[in-house]
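# Summary of the model geometry
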Amino acid sequence: MIDALIEALGLGRTVELLALSPPGWGGNLLRGLVASIQIALGAFAMGLVIGLFGAWGKLYGGPVTRDLLAVYTTVVRAVPELVLILILYYAGTDLLNRALMAVGYGRVELSGVVAGIGVLGIVQGAYATEVLRGAIQAVPAGQVEAGRAFGMPALMLMRRIVLPAMLPFAIPGLANLWLIATKDTALLAVVGFAELTLETRQAAAATRHYFTFFLAAGALYLTVTLISARLFGRLERWARRGEPDVAGAR
Amino acid sequence: MMRAGRPAMRFRPPPLGEFLRPHRVVMLLILLGIVAWCALNLRWHWLPRYSDLALQGLWRTIWLLALSCFLGFLLAVPLGLAQAVGPRVLAVPARAFCTVIRGTPLLLQLWLIYFGLGSLFPQYPWIRESELWPYLREAWPYALLALTISFAGYEGEVMRGAFKSVPRGQLEAARAMGMPRLTLFRRVWLPQAVQRALPTLGGETVLQLKGTPLVATITVVDIYAVTARVRQDTFIIYEPLLLLTVVYLMIAGLIVLFFRWLEGRIPQRLG
């Protein structure tokens, strides 16, 4: 039945090309997808950590911290990711090697995954700082003051009050950031890291079936996007549990 | 990035005395020191040799950005309109287009268009014999097409929200005055939608600027490609990248200022 349908649509060649075992290139594409998702997850997590500290610094830090963080978020948000990737990739490897030489170890080559996560994490951190700062600001001041009045230390205040209360405000922005992270992994193709886009290009160039492979990769990216959107929607509903239902609110 | 339009505020620079607090003076001095150190201690001897090429690249970046934003916005208006009020036949494809564009990386779209269409066109003799063929053999039309489509996809979504946010009473009032539909659109609906979308559009234009260096991967020589060539020719890594960062910062700053000026020109009294 399925075979007949494939034949009728003239997709026999496509199925052959996208087969998972070696004559087909499907396995390479999936490996690329796994690498992309790994980097996106790592970068997103790193961005969250940077963003949390960044937001804290921007809201409660001294004037110097605040200005330095402003420089960080402005520069990262204005300079193309591709340029930042090159700078951080070269400078990062260089600085690391100089530090290692100084301590007396030999040179190391940063692996693509580590470099990718580091670079995209720093980029994500700048956006996450802004998202989380806005979300923390949206928490009613009285709640934080109430926590302080009970003598909660700063960390407990953050864990018990600020983080759960800001989550509903932060999740839409964070969902956007996650989508940006998955799409930004494609930029690592330019520095030669074998993630989905580069694997696709290699498969396409080898077989000269450009449309087949690029469309297949597009479908994979789109699947990731749509599934993540669904998951984040569910997460937001969970974060908003217990909130009164506001009829007619958008 | 999608952000809800921030409240329309007129930008007023803070007075200089307030800006120049002691720690900022120190930070500015440190910045000046770093700039001076960079100017004196780094290698800039390649600069005169590549300056012509760099200016050409800069010009190419700027017109690619401006043209793709302009054309993309022209496409975004019908896309947003179709999604906001169009019949299902139009709304569903428009939404699908925006979802697909926003859900896949720009680099992939660029390569699909350049390598895919680029390998398809030569197979048809009538395309090869047409007047357009000399252009289709170059890379920039594909770059422009990809950037335009991408901008249209993101902005279609923005314009959908903008069209929907225009108060219904405004449209009803115009209709009650007997305005023809096109006039209503041109005089009432579109201007108010654009006004609401302007802060977001400014941010999106900066994001589009950040997408332009990708065209270097399909052999368009923009400012990014020039620095890549300097790196290949001379093995100097940091200096061209530093200069490139400054150039992009300046272009982004100019875009922000331009949109602030644009926003300031529109008289507004939003409730």
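### Section: the side chain of Ser36 of chain A
Mapping Ser36 of chain A onto the fold places it in helix H3 (residues 26-60). If we ignore the near neighbours within four places in the chain, the residues touching Ser36 of chain A are Thr185, Glu195, Leu196 and Tyr221 of chain A.

### Digging into the nonpolar core
Inside soluble globular proteins, nonpolar side chains tend to come together where they are buried. Of all hydrophobic cores here, the largest spans 114 residues; its most connected members are Phe214 of chain A together with Trp111, Phe163 and Tyr224 of chain B. Leave out the neighbours within four places in its chain, and Tyr224 of chain B touches Leu82, Val83, Leu86 and Val190 of chain A together with Pro213, Ala216, Leu244 and Tyr248 of chain B.

### Quick word on the pattern of salt bridges
Residue and element names in this part refer to chain A. Taken as a whole, this structure holds seven salt bridges over all chains when the rule is applied. A salt bridge links Glu130 to Lys58, with the shortest nitrogen-to-oxygen separation between them at 2.5 Å. Here Glu130, found in helix H6 (residues 112-137), pairs with Lys58, found in helix H3; they are 72 residues apart in sequence, far enough to count as distant. An identical accessibility class is assigned to Glu130 and Lys58; each is buried. Through salt bridges that share partners, Lys58, Glu130 and Arg133 make up one connected network.

### Some details on the packing of aromatic side chains
Within the structure shown, the criterion is met by 13 aromatic pairs over all chains. The interplanar angle of 70 degrees and the centroid separation of 5.6 Å between the aromatic rings of Phe44 of chain A and Trp178 of chain A together place this pair among those described as edge-to-face. Here Trp178 of chain A lies in helix H8 (residues 154-184) and Phe44 of chain A lies in helix H3, a separation of 134 residues in the sequence. Each of the two residues, Phe44 of chain A as well as Trp178 of chain A, counts as buried. The interplanar angle of 15 degrees and the centroid separation of 5.6 Å between the aromatic rings of Tyr210 of chain A and Phe115 of chain B together place this pair among those described as stacked. Of this pair, Tyr210 of chain A sits in helix H10 (residues 210-239) while Phe115 of chain B sits in helix H5 (residues 106-120), which puts the two residues in different chains. Phe115 of chain B matches Tyr210 of chain A in its accessibility class, with the two residues each being buried. Through a chain of ring-to-ring contacts, the aromatic side chains of Tyr210 and Phe214 of chain A together with Trp111, Tyr114, Phe115 and Tyr142 of chain B assemble into a single cluster. A cation sits over an aromatic face here: Arg201 of chain A above Trp111 of chain B, 4.6 Å from the ring centre.

Rules used in this analysis
Residues numbered from 1 in each chain as written. Chains lettered and ligands numbered in written order. Predicted model: local features only at pLDDT ≥ 70, side-chain atom pairs only at ≥ 80, totals over all residues. Heavy atoms only, no water. Helix = DSSP H or I, 4+ residues; strand = E, 2+ residues; numbered from the N terminus. Contact = heavy atoms within 4.5 Å. Core = buried A, V, L, I, M, F, W, Y, C linked by side-chain atoms within 4.5 Å. Buried < 20%, exposed > 50% of the residue type's maximum accessible area, 1.4 Å probe, protein only. Salt bridge = Lys/Arg side-chain N within 4 Å of Asp/Glu carboxyl O. Phe/Tyr/Trp six-rings, centres within 6.5 Å; stacked < 30°, edge-to-face > 60°. Lys NZ or Arg CZ within 6 Å of the ring centre and 35° of its normal.

In short, geometric facts, not functional conclusions.
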